[in-house]
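If you want the building blocks of each chain, they are given just below.
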Amino acid sequence: MNPIDFTVNQLKRAAAIRERIEALNKDLRGILGTSATSGAAPKKKRTMSASVKRKIAAAQKTRWANLRRAKSATRSVKHAKKAKKKTMSRATKAKLSAKLKAYWAVKKAGKK
């Protein structure tokens, strides 16, 4: 129903009924001991027992320990890869050294 279609008397009657309902709700909240100003009941604060807190703490410590263990394992694998060095044979080193000596000799000769 559209509120525009109501008559003035119907609107006045609806307003009076609403006021009575609000007054009765206020009385009911007063009887039940809840706050009269708020429309909803006050929220209870959640609490945990000490044993539950200890269980949660132990579980979290275990999770962190597993995470650290997993990180150290991946680190050791990464370091193992870094530790491997490419090796050159003595002959290859000698060839490279000779090429570099020739290169720098040409460079130095060009500057003077």
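Residues numbered from 1 in each chain as written. Predicted model: local features only at pLDDT ≥ 70, side-chain atom pairs only at ≥ 80, totals over all residues. Heavy atoms only, no water.

Draft legend 1. Representation of the overall build of the protein in the model. Along its length, the protein carries three helices and zero strands. Along the protein, helices (α) and strands (β) appear in the sequence α-α-α when read from the amino end. The buried share of the protein, reckoned over its 112 residues, is 1%. For the protein, the computed accessible surface area is about 11,500 Å², with 61% contributed by carbon and sulfur atoms. (Helix = DSSP H or I, 4+ residues; strand = E, 2+ residues; numbered from the N terminus. Buried < 20%, exposed > 50% of the residue type's maximum accessible area, 1.4 Å probe, protein only. Areas by Shrake-Rupley, 256 points an atom, 1.4 Å probe, with all protein chains shown as cover.)

Draft legend 2. Summary view of the confidence of the model for the protein. Averaged over every residue, the pLDDT of the protein is 84; residues scoring 70 or more account for 80%. Averaged pLDDT values for the elements of the protein fall to 84 in helix 2 (residues 50-83) and rise to 93 in helix 3 (residues 90-111). (pLDDT = per-residue confidence, 0-100.)

Draft legend 3. Broad picture of the packing of aromatic side chains. Summed over the entire model, instances satisfying the criterion amount to one aromatic pair. Judged by centre distance (5.1 Å) and plane angle (80°), the ring pair of Tyr-103 and Trp-104 falls under edge-to-face. (Phe/Tyr/Trp six-rings, centres within 6.5 Å; stacked < 30°, edge-to-face > 60°.)

Draft legend 4. A nonpolar patch on the surface, seen in detail. A cluster of nonpolar side chains, Met-88, Leu-96, Leu-100, Tyr-103 and Trp-104, forms an exposed patch at the surface whose accessible area comes to about 520 Å². Its location among the elements puts Met-88 in the loop between helix 2 and helix 3. You can call Met-88 partly exposed: its relative accessible area is 46%. (Patch = residues over 30% accessible without salt bridge, like charges linked within 9 Å, V, L, I, M, F, W, Y side chains within 5 Å. Salt bridge = Lys/Arg side-chain N within 4 Å of Asp/Glu carboxyl O.)

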